[in-house]
Amino acid sequence: MLTAEHRLRHRDDFTVAFRNGRRAGTRRLVLHWASTDRAHPTRVGFVVSKAVGGSVQRHRTQRRLRHLAAVRLGLLPAEGGLLVVRALPGAAEATSAELGVDVDRGLRRLGLVPGA
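What counts and what doesn't
- Residues numbered from 1 in each chain as written.
- Predicted model: local features only at pLDDT ≥ 70, side-chain atom pairs only at ≥ 80, totals over all residues.
- Heavy atoms only, no water.
- Buried < 20%, exposed > 50% of the residue type's maximum accessible area, 1.4 Å probe, protein only.
- Helix = DSSP H or I, 4+ residues; strand = E, 2+ residues; numbered from the N terminus.
- Pairing = 2+ DSSP bridges.
- Right-handed = clockwise from strand over helix to strand, strands pointing away.
- Contact = heavy atoms within 4.5 Å.
- Expected span 1.5 Å × (residues − 1).
- Arc of directions from axis to C-beta.

(A) Seen up close, the pairing of strand 4 (residues 81–87). Within strand 4, six of the seven residues are buried, leaving the element largely enclosed by the surrounding structure. Pairing of strand 3 (residues 43–48) with strand 4 involves six bridges; the strand directions are parallel. Paired with Val44 across the two strands is Leu83, which belongs to strand 4. For the segment spanning strand 3, helix 2 (residues 55–72) and strand 4, crossover handedness is left-handed.

Here it is in C-alpha cells:
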C-alpha cells in the first residue's frame, strides 16, 4: 500500500502535474508526471471519474491502480516528482495484469523506467 508520505492529496499538486508535467497515454490510462525541485518524496495520485463506471467499479479500479503504483514506487525517482494516474473508461473492465502492462508502458513512455 502507498504510505501517507507517497500519496498525492492536494488539488494544487494535481494541477501542477496536469499543467506543467508530461503525459503518456495508453488504451486504459493516462499518466501525468511532473518533476519538482522540492525535497518531498515522489507522490502518486489517482483520478477515476464517473466515466469509468459506478461507485463499485471506480473504487475497485482505484484500489488496483494504488496497488500497482505501490509496487512500482521503487522504480520512480526517490524525490521531487508528482505522478497522476488517470483512468479512462476501459479501465473498469481491465484485469489487474492489463492495468499493470498499461502502467509500465506509460512509465516507459515518460522515461521513468528503462524500456525494451
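(B) Inspection of the pairing of strand 1 (residues 22–25) at higher detail. Where strand 1 and strand 2 (residues 29–35) come together, four bridges link them in antiparallel fashion. Note on strand 2: the bridge partner recorded for Gly25 is Val30. Turn length for the strand 1-strand 2 hairpin, with the two strands adjacent in sequence and antiparallel, is three residues.

(C) Seen up close, the side chain of Arg28. Summarising the element assignment, Arg28 is placed in the loop between strand 1 and strand 2. Accessibility expressed as a relative area gives 12% for Arg28, which makes it buried. Excluding anything up to four places from it in sequence, Arg28 contacts Arg86, Ala87, Leu88, Gly90, Ala91, Ala94, Glu98, Leu99 and Asp102.

(D) Spotlight on helix 3 (residues 96–109). Along its 14 residues, helix 3 runs 20 Å from first to last C-alpha, staying within 8% of the 20 Å computed at 1.5 Å per residue. Of all the positions in helix 3, only Leu99, Gly100, Asp102, Val103, Gly106 and Leu107 are classed as buried. For helix 3, the angular spread of the buried residues around the axis is 165°, confining them to a single face. Set apart from the buried face of helix 3 by more than 90 degrees, the exposed residues are Ala97 and Arg109. Where helix 3 is buried, its residues touch strand 1, strand 2, helix 2 and strand 4. Once helix 3 finishes, Gly111 follows within two positions and takes phi at roughly 75°, a positive value.

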